[in-house]
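The lines below spell out each chain.
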Amino acid sequence: MINLRKLRLTSILQRTPSDFTQNLLRSSENPLRLVGLICIAQNPRLCGTTRAVQFVPCKDLEAALNAVGRTIREARKAAKSALLDYLHYTRSFQYLDADNISKNSPYFVDELLKKVKMEEDIKRSVSRYLRYHPINEFEPFFESIGLKPSEYVSFLPNNMIFLSDDQLLLENYYVLCNYGVPRNKIGKIYREAPEVFGYDNRVLLSKLIAYEKQGVCQTTLLKVIVSNPHLLIGDSNLYFIEVIEKLKYYVNDINWIEEHLLDEISYNWGQMLEFLCLLGKAFSEQQLADVIHQHPVLFEESGGRTLSLISFLLKFGLSMNLISQIFLKFPQIQVGIFLSNLRHCFLFLSEIEMEGAEIGKIFRSHALLLGSFTLKRTNSLLASLKVGKKRVKMLVRDNPLELKNWVLRRRVHPLLDTEEEQNSRMQKTKFLLKLGYDEDSPEIKKAFKVIRGKGAELQERFDCIVKAGLDFQDVLHMISVSPQILNLTTDVINLKIDYLVNELGYPVSTLVNFPSFLSYKVERVNLRHSMYDWLVDQGTAVPNLSLSTIVACTEKEFLRVYAIEDLAAYLEPNGFLLFPSTLVDKSSALNLVEGLCYGLWNNRYKCPLHNCEIHFRALRI
């Protein structure tokens, strides 16, 4: 029996490294202890053998799971269970901590699954991987307290992978947990105030107790520190304490603020203090107390939105007493939405061309109404009402309450024509029929959209063109080609015809072939014609072009055909073009001319080369 035992021992020792075997023999006196050590030595984690486990990263997790007949959900559940066992049994984490980390670190679990070799028993595979590959415990821990991988990567320590090595972090973490802070909210505190987790023993708890002594209960303080972690840095935040002291004068229970605090919002307690001081000067103590009770104006952007609203209303002449009454009757919407509605109303009233004094009058009398709903956009509303700005302006001026019928996402019916509008429509129809349009034809409907004005005004404008020396039938032809010329007043028509005949020297009959001339501004015609005359004088443009060719083409086309190319031909033989007090080379001259022509509408252009103004007419050298 003794020989058999020796033989087994010898065979075992032959499979172990020689130096390791010699150490065992020298230090082993008890055969049972020796066998136990030899068994440990056979563990591939402690000595290199050909049987060591190799883990191949999995590039396609879903494909690997399909190969072993498992779903991603099953794999994640198995990996979380393996991670829980590793943290609790191997790393001696408290069970609640291990359970929280394993269940609330999905990104880490997915990355862990990608590193293991997929087998039918996924939990066994993950457990075996964790046995041979210690993890950086800070990664799943930070993820479990609410931090994303992109957020906690900068917080990972360089010289530690075990949480137990950072005792201050764990101590302050447990203080917050025991105080009642949700574990998934602790990450926000760590992100915004990492200094908190470096406090020595009982420092953090003493800060929390100091705030409680101000009359703030634990549940309220929990919401405060989660929304404002910086309150835990340094000494007690004096702004926060002063706000609490001031609110005690206006509310019966200071813990009233708990229901109005949001976890994801960081509050500026200094600004909130300034806000309370300002309102304390503008309102009476009772008024401010009523306002604070009626609506939590203090907690929207730390009072910033409310200050913007007050400033906006003051610009329209509202007194602070009237503003306080608005807050007492404030609708159940956010202050920011109320302010946005007021701005939309102001924009609408401006777009329908209402005078500033009239807008101020409406705001002073109906500010609460205007801020309680969102108006439709001006263009959309005018299209729905099927009227012009003038009619809407008169309607709002006479009855501002009509605005509440034009709320966003509410159907708006077209307004009925007034008696005056009906008469005007009849006169306009009669005028168009006289011009030769057929009743209810597409042409007359199109003309109704293009031609604006009352029937009597249209007849007067038509007669004005006839009196300029044109035949009645010719004017009919002009209207059929360019009906928009009847939108001009008689004064404008006379002005443009006088300019055509007396300034440009064209006969009035030119309008028969080019009636849209009346639609162009005199400034445009003047600049185009001046440029063309100058080019003709230099011999670089064809003379006697028709007026429509000069005026009607687009600006780019005019520059390309008549200005830039012809001016390039006017360059001096030596390659220079002479401008007033400026000599430039050919390339720069072309750039300058192109820019100068683009400035035709203003009749001047600022030279980019010498920072001096060149008048268009100065080119006549």
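Residues numbered from 1 in each chain as written. Predicted model: local features only at pLDDT ≥ 70, side-chain atom pairs only at ≥ 80, totals over all residues. Heavy atoms only, no water.

- In the annotation of an unreviewed UniProt entry, the protein chain is listed under the name Transcription termination factor MTEF18, mitochondrial-like and assigned to Senna tora.
- Quoted verbatim from the Sequence similarities (unreviewed entry) heading of the UniProt record, the comment on the protein chain is "Belongs to the mTERF family." (UniProt positions renumbered as here; feature names shortened; annotations may be inferred.)

### Describing the side chain of Thr510
Link 1 in the chain: With respect to the element layout, Thr510 can be found in helix 29 (residues 510-513).
Link 2 in the chain: Classification of Thr510 as buried rests on a relative accessible area of 18%.
Link 3 in the chain: In this structure the side chain of Thr510 is engaged in a polar contact, spanning 2.8 Å, whose partner is the backbone oxygen of Pro507. (Helix = DSSP H or I, 4+ residues; strand = E, 2+ residues; numbered from the N terminus. Buried < 20%, exposed > 50% of the residue type's maximum accessible area, 1.4 Å probe, protein only. Polar contact = N/O pair within 3.5 Å; in protein donor to acceptor, adjacent residues only side chain to side chain.)

### Some thoughts on the side chain of Glu143
Link 1 in the chain: Checked against the element boundaries, Glu143 lands in helix 9 (residues 138-144).
Link 2 in the chain: An unpaired buried charge is present at Glu143: no salt bridge exists, and Lys80, the closest side chain of opposite charge, is 9.3 Å distant.
Link 3 in the chain: Excluding residues that lie within four positions of it along the chain, Glu143 makes contacts with Asn104, Ser105, Pro106, Tyr107, Phe108 and Tyr152. (Lys, Arg positive; Asp, Glu negative; His and termini not counted. Salt bridge = Lys/Arg side-chain N within 4 Å of Asp/Glu carboxyl O. Contact = heavy atoms within 4.5 Å.)

### A few points about the packing of aromatic side chains
Link 1 in the chain: One pass over the full model with this rule turns up 22 aromatic pairs.
Link 2 in the chain: Arranged with centres 4.6 Å apart and planes meeting at 40°, the rings of Phe330 and Phe338 form a pair that is tilted.
Link 3 in the chain: The class of Phe338 is buried, set by a relative accessible area of 0%.
Link 4 in the chain: Each ring, one from Phe462 and one from Phe472, has its centre 5.3 Å from the other, and the planes form 75°; the classification is edge-to-face. In this pair, Phe462 sits in helix 26 (residues 455-467) while Phe472 sits in helix 27 (residues 472-481), placing the two residues 10 residues apart along the sequence.
Link 5 in the chain: Accessibility expressed as a relative area gives 35% for Phe472, which makes it partly exposed.
Link 6 in the chain: Following the ring pairs from residue to residue traces out a cluster consisting of Phe138, Phe141, Phe142, Tyr152, Phe155, Tyr173, Tyr174, Tyr190 and Phe197. (Phe/Tyr/Trp six-rings, centres within 6.5 Å; stacked < 30°, edge-to-face > 60°.)

### Notes on the packing of helix 17 (residues 285-294) against helix 19 (residues 320-328)
When two helices pack together, their arrangement is captured by the angle between the axes and the distance separating the axes.
Link 1 in the chain: At a minimum axis separation of 9 Å, helix 17 and helix 19 run at an interaxial angle of 30°. By the angle class used here, helix 17 and helix 19 are roughly parallel. The chirality of how helix 17 crosses helix 19 is left-handed. Here Gln287, Asp290, Val291 and Gln294 of helix 17 lie close against helix 19, whose contacting residues are Asn321, Ser324, Gln325, Phe327 and Leu328.
Link 2 in the chain: Across the contact of helix 17 with helix 19, the residue classes tally to three nonpolar, five polar and one charged. (Axes fitted to C-alpha atoms, helices over the stretch in contact; angles between N-to-C directions. Parallel < 35°, antiparallel > 145°, perpendicular 65-115°, else oblique. Left-handed = near helix turned anticlockwise from the far one by under 90°. Nonpolar A, V, L, I, M, F, W, Y, C, P; charged D, E, K, R; others polar.)

### Focus on the environment of Arg411
Link 1 in the chain: Tracing the sequence through the fold places Arg411 in the loop between helix 23 (389-398) and helix 24 (419-434).
Link 2 in the chain: Separated by 27 residues in sequence, Arg411 and Ser384 place their C-alpha atoms 8.5 Å apart.

### Let's talk about the nonpolar core
Side chains of a nonpolar character, in soluble globular proteins, are inclined to be buried together.
Link 1 in the chain: By size, the foremost hydrophobic cluster in this structure holds 118 residues, and its most contacted members are Phe348 and Trp406.
Link 2 in the chain: Among all residues touching Phe348, those that are not within four sequence positions of it are Leu375, Thr378, Leu381, Val392, Val396, Leu403 and Trp406.
Link 3 in the chain: One finds Leu435, Val525, Met531 and Trp534 within the second-largest nonpolar core, a separate group that totals 42 residues. (Core = buried A, V, L, I, M, F, W, Y, C linked by side-chain atoms within 4.5 Å.)

### Remarks on unusual backbone geometry
Link 1 in the chain: Here Ser92, not a glycine, exhibits a phi torsion of approximately 65°, which is positive.
Link 2 in the chain: Inspection of the secondary structure puts Ser92 in the loop between helix 5 (72-90) and helix 6 (95-103).
Link 3 in the chain: Taking relative accessible area as the criterion, Ser92 reaches 60% and is therefore assigned exposed.
Link 4 in the chain: One non-glycine residue with positive phi stands out, namely Glu301, at about 55°.
Link 5 in the chain: Mapped onto the elements of the fold, Glu301 is located in the loop between helix 17 and helix 18 (304-314).

### Structural notes on the confidence of the model for the protein chain
Link 1 in the chain: Averaged over all residues, the pLDDT of the protein chain equals 76, while 77% of them reach at least 70.
Link 2 in the chain: Mean pLDDT values over the elements of the protein chain span from 29, in helix 3 (residues 31-41), up to 95, in helix 9.
Link 3 in the chain: In this model residues 565-586 is a low-confidence stretch, pLDDT under 50, and it forms 42 contacts with partners more than four residues away in sequence or in other chains.
Link 4 in the chain: Low pLDDT, under 50, characterises residues 597-621; the predicted model gives this stretch 55 contacts beyond four residues in sequence or across chains. (pLDDT = per-residue confidence, 0-100.)

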